[in-house]
Amino acid sequence: ETGVTQTPRHLVMGMTNKKSLKCEQHLGHNAMYWYKQSAKKPLELMFVYNFKEQTENNSVPSRFSPECPNSSHLFLHLHTLQPEDSALYLCASSHVSGGTDTQYFGPGTRLTVL
Amino acid sequence: GESVGLHLPTLSVQEGDNSIINCAYSNSASDYFIWYKQESGKGPQFIIDIRSNMDKRQGQRVTVLLNKTVKHLSLQIAATQPGDSAVYFCAESSSGSARQLTFGSGTQLTVLP
């Protein structure tokens with residue numbers, strides 16, 4: 001559908017669990033992003049990777065740990081999360097060209113922390 | 001960071017009518033603007049974008065208008081269809097922000113039969 005896939009689509013975890021979200025883009029892009037989307041709030045940018053290098057970390061708690069092994073894959077490792085971390089986590093990718101850099105989104109992972 | 005806001009959180013239109021969704025931004029350095037559509041259970045889908053050197057850009061049934069004087073952006077959807085029902089987000093970025101998009105809170109568009 002969009003060229004950006006995310007797994008799993010739904011995840012329920014306890015506060016002591018460790019889990020990982022996966023994102024893969026098939027668009028040949030060189031930048032990838034993690035966003036958090038909570039109810040009735042604007043999308044919040046969490047992390048940016050440009051050519052596999054993390055360029056932005058928008059004051060995200062350390063219980064969220066990103067990993068970008070190559071320009072096509074992006075992970076978000078989760079540990080000791082809080083109930084308020086329940087949200088839709090969206091991955092996006094773009095081609096960084098100095099121009100418009102349109103970001104294309106995946107379907108998201110709906111995370112529920114119990 | 002700079003804020004991007006929407007004038008109305010909800011909008012209902014009759015099928016076949018035109019829809020206009022508005023967005024205000026406050027960062028005078030913003031030079032790129034983009035509209036996304038998000039249907040329930042899906043990620044945001046790119047609709048149309050515009051750079052600050054343009055006032056208007058048209059796509060298929062959609063038009064984006066940019067008024068830099070009053071920092072206002074609008075999305076016009078012609079002949080609105082039931083499939084257009086969704087939440088619409090505007091977002092902006094500036095060349096100095098490493099293309100970080102700042103999103104508005106979204107407008108829920110409902111198309112009435």
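None of the values given here were measured: they were computed from a predicted structure.

The next subject is the overall build of chain A. If you tally the helices and strands in chain A, you get zero helices and 11 strands. Since a compact globule built from 114 residues should have a radius of gyration of about 13 Å, the 13 Å found for chain A is in line with a globular shape. Dimensions of chain A, computed from C-alpha atoms along their principal axes, come out at roughly 40 × 30 × 25 Å. Out of the 114 residues belonging to chain A, those deemed buried represent 47%. Long-range contacts, defined here as pairs at least 24 residues apart, represent 54% of the contacts in chain A between residues at least 6 apart. Accessible area for chain A stands at about 5,400 Å²; split by element, carbon and sulfur atoms hold 51% of it. Of the side-chain charges in chain A, 10 are positive and 9 negative, and the distance between the mean point of each set is 9 Å.

Now for the overall build of chain B. Tallying secondary structure elements over chain B gives zero helices and 11 strands in all. From first element to last, N terminus to C terminus, chain B shows the α and β order β-β-β-β-β-β-β-β-β-β-β. Relative to its full complement of 113 residues, chain B shows a buried share of 45%. When contacts within chain B are restricted to residue pairs at least 6 apart in sequence, those whose partners lie at least 24 apart make up 53%. About 5,400 Å² of surface is accessible on chain B, with carbon and sulfur atoms providing 46% of the total.

This paragraph deals with the pattern of salt bridges. In a structure, side chains of opposite charge can pair up when their charged atoms sit close to one another. All names here are of chain B. Counted under the stated rule, the structure contains six salt bridges over all chains. Across the pair Arg 61 and Asp 84 runs a salt bridge, and its minimum N-O distance is 2.9 Å. In this pair, Arg 61 is assigned in the loop between β6 (56–58) and β7 (62–67) and Asp 84 in the loop between β8 (72–77) and β9 (86–93), connecting sequence segments 23 residues apart. Overall, Arg 61 belongs to the partly exposed group, its relative accessible area being 31%.

A word on the environment of Lys 71 of chain B. Residue and element names in this part refer to chain B. Along the chain, Lys 71 turns up in the loop between β7 and β8. It is 14 Å that separates the C-alpha atoms of Lys 71 and Gly 104, two residues lying 33 residues apart in sequence. When near neighbours in sequence (up to four residues on either side) are disregarded, Lys 71 contacts Cys 23, Ala 24, Tyr 25, Ser 26, Asn 27 and Ser 28.

Should the sulfur atoms of two cysteines be covalently bonded, the bond is a disulfide. On inspection of all chains with the given rule, the structure shows two disulfides over all chains. There is a disulfide in this structure between Cys 23 of chain A and Cys 91 of chain A, and the S-S distance comes to 1.9 Å. Residues Cys 23 of chain A and Cys 91 of chain A share a disulfide whose torsion about the S-S bond is about -75°; that sign makes it left-handed. Residue Cys 23 of chain A is located in strand β3 (residues 18–25), and its partner Cys 91 of chain A is located in strand β9 (residues 87–94); the two are separated by 68 residues in the primary sequence. Under the relative-accessibility criterion, Cys 91 of chain A is labelled buried at 0%. Between Cys 23 of chain B and Cys 90 of chain B runs a disulfide, and the two sulfur atoms are separated by 1.8 Å. Sign of the S-S torsion, about 50° for the bond between Cys 23 of chain B and Cys 90 of chain B, identifies this disulfide as right-handed.

The next thing to look at is the confidence of the model for chain B. Counting all residues, the mean pLDDT for chain B is 89, and 88% of those residues have values of 70 or more. The secondary-structure element of chain B with the lowest mean pLDDT is strand β1 (residues 4–6) of chain B, recorded at 53, while β7 of chain B shows the highest, at 98.

Next up on the list: the pairing of β8 of chain B. Residue and element names in this part refer to chain B. Across six bridges, the pairing between strand β3 (residues 19–25) and β8 is antiparallel. The partner of Ala 24 across the bridge, within β8, is His 72. As judged from the six bridges shared by β7 and β8, these two strands associate in the antiparallel manner. Bridge assignment links Val 64 to a residue of β8, and that residue is Leu 75. In sequence, β7 turns back onto β8 through a hairpin of four residues, with Lys 71 there showing a positive phi of about 55°.

With respect to the helices and strands, the residue Gln 103 of chain A is situated in the loop between β9 and β10 (104–105). A residue is classified by how much of its surface remains accessible, and Gln 103 of chain A, at 1% relative accessible area, is buried.

What counts, and where the lines are drawn
Residues numbered from 1 in each chain as written. Chains lettered and ligands numbered in written order. Predicted model: local features only at pLDDT ≥ 70, side-chain atom pairs only at ≥ 80, totals over all residues. Heavy atoms only, no water. Helix = DSSP H or I, 4+ residues; strand = E, 2+ residues; numbered from the N terminus. Rg over C-alpha atoms; globule rule 2.2 N^0.38 Å. Buried < 20%, exposed > 50% of the residue type's maximum accessible area, 1.4 Å probe, protein only. Contact = heavy atoms within 4.5 Å. Areas by Shrake-Rupley, 256 points an atom, 1.4 Å probe, with all protein chains shown as cover. Lys, Arg positive; Asp, Glu negative; His and termini not counted. Charge placed at Lys NZ, Arg CZ, Asp CG, Glu CD. Salt bridge = Lys/Arg side-chain N within 4 Å of Asp/Glu carboxyl O. Disulfide = S-S within 2.5 Å. pLDDT = per-residue confidence, 0-100. Pairing = 2+ DSSP bridges.

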